[in-house]
Amino acid sequence: MHEPQRILVIADIHLRGPRRPGFTGKRLTGWLNWTFFRGRRYAFSRFDRFLELALAERPHAVAVAGDLTQLGMDDEIATVMDRLAVLPRAGIPVFFVPGNHDSYVTRDAVRAATDTALRWCADCGATIEPIAPRAVRVTTSRVQAVLLDQTLPTGWFMSWGELDGPTWSVLEGGAFRHDGPKAHLILGHYPLRWPNSRPLPPTAALLQASRLEAIVRAPGGPLYAAGHIHHPFAIPVGHSAQVVPGSLTATETFAELRADGAEWTWRFRRLPEETAHV
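Residues numbered from 1 in each chain as written. Predicted model: local features only at pLDDT ≥ 70, side-chain atom pairs only at ≥ 80, totals over all residues. Heavy atoms only, no water.

Draft legend 1. Structural context of the pattern of salt bridges. Per the stated rule, a full pass over the model turns up 14 salt bridges. Between arginine 6 and glutamate 256 there is a salt bridge, with the nearest N and O atoms lying 3.1 Å from each other. On the criterion of sequence distance, the pair formed by arginine 6 in strand 1 (residues 5-10) and glutamate 256 in strand 13 (residues 253-260) is long-range, its members being 250 residues apart. By relative accessible area, which is 1% here, glutamate 256 ends up buried. Two residues, glutamate 129 and arginine 177, come together in a salt bridge whose shortest N-O distance is 2.8 Å. Of this pair, glutamate 129 sits in strand 4 (residues 127-132) while arginine 177 is found in the loop between helix 6 (165-174) and strand 9 (183-187), placing the two residues 48 residues apart along the sequence. When its relative accessible area of 14% is taken as the criterion, glutamate 129 is described as buried. Residues joined in a network through salt bridges with shared partners are Arg6, Glu57, Glu256, Arg258, Arg267 and Arg269. (Salt bridge = Lys/Arg side-chain N within 4 Å of Asp/Glu carboxyl O. Helix = DSSP H or I, 4+ residues; strand = E, 2+ residues; numbered from the N terminus. Buried < 20%, exposed > 50% of the residue type's maximum accessible area, 1.4 Å probe, protein only.)

In structure tokens:
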């Protein structure tokens, strides 16, 4: 009898790198946000504490639901990826999708990070299949995960999760292979609904959340894990659910998913107290 498959989900780390940004497009608002608000609340040491916990517990995978960085600077992305690399070196694959902050202005660095994380998964024995322009299927022994790239920078504004036609055709036509009792997971950055279960406001219509929700709500639909909202919550969607872990570096929370056959369960966890070194 197999033990349940365990996946730890984190999101919204928002590392701010040491290099001074060029104030281009959204980076200006991101820098102001960090300088006057987030810089006082977000502690990157919490990310290191999570990595220590993951290495000790050895989950079957760690899923990162976007916003590794605050400004999408090359040095920010490189710093986080260097730290994350301890997981695949220990045989723990990393499922990664970018968030809107990771894609400010340029996508070159975050594309490289995405490719690196997929290579880590392959090195850990997973099968990697690009199934659409903005979707990749990652298959382990007992989980199929579809990783969505929902970010597309357009200068001062983001597309806020709009997917292209070919990607929707694959998602709505069947993005999962039914070749055994595997649990199905979609990992994105943007949630389907707010914590109070209300639909997203009309101004966020480009999220096309209702189309994704219909996929999750269908009989046997996948679990949907996302980030963007910095507080942990889960809401039922049909017989499945949406799970948002909160911000690891602000609320100190993450989610633990367990897949037993094709069924998911989940719980929210807090980082353990930091140990004082004498």
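Having seen the model, we can carry on.
Draft legend 2. Looking closely at unusual backbone geometry. Unlike most non-glycine residues, aspartate 67 shows phi in positive territory, near 60°. Despite not being glycine, glutamate 252 has its phi angle at roughly 60°, a positive value. Counting through the fold element by element, glutamate 252 comes out in the loop between strand 12 (240-244) and strand 13. On the accessibility criterion, glutamate 252 (17% relative accessible area) is buried.

Draft legend 3. Inspection of the packing of helix 6 against helix 7 (residues 209-217) at higher detail. Two elements in contact, helix 6 and helix 7, have axes whose closest approach is 9 Å; the angle formed by their N-to-C orientations is 25°. Between helix 6 and helix 7, the interaxial angle falls into the category roughly parallel. Here helix 6 runs over helix 7; the crossing is left-handed. On helix 7, the residues touching Trp168, Leu171 and Glu172 of helix 6 are Arg211, Leu212 and Ile215. Class assignment for the residues of the contact of helix 6 with helix 7 results in four nonpolar, no polar and two charged. (Axes fitted to C-alpha atoms, helices over the stretch in contact; angles between N-to-C directions. Parallel < 35°, antiparallel > 145°, perpendicular 65-115°, else oblique. Left-handed = near helix turned anticlockwise from the far one by under 90°. Contact = heavy atoms within 4.5 Å. Nonpolar A, V, L, I, M, F, W, Y, C, P; charged D, E, K, R; others polar.)

Draft legend 4. Expanded view of the nonpolar core. Ranked by internal contacts, the top residues of the largest apolar core, which has 30 residues, are Phe47, Phe50 and Leu84. Elements with a contribution of two residues or more to this core: strand 1, helix 2 (45-57), strand 2 (61-64), helix 3 (74-84), strand 3 (94-96) and helix 5 (108-123). Ignoring anything within four residues of it in the chain, the contact list for leucine 84 reads Phe47, Leu51, Leu68 and Trp120. Listed in part, the 26 residues of the second largest apolar core include Cys121, Leu187, Leu223 and Trp264. (Core = buried A, V, L, I, M, F, W, Y, C linked by side-chain atoms within 4.5 Å.)

Draft legend 5. How the structure looks around helix 3. Within helix 3, burial applies to Asp75, Glu76, Ile77, Val80, Met81 and Leu84. Turning to helix 3, the residues buried within the fold contact helix 2, helix 4 (86-89) and helix 5.

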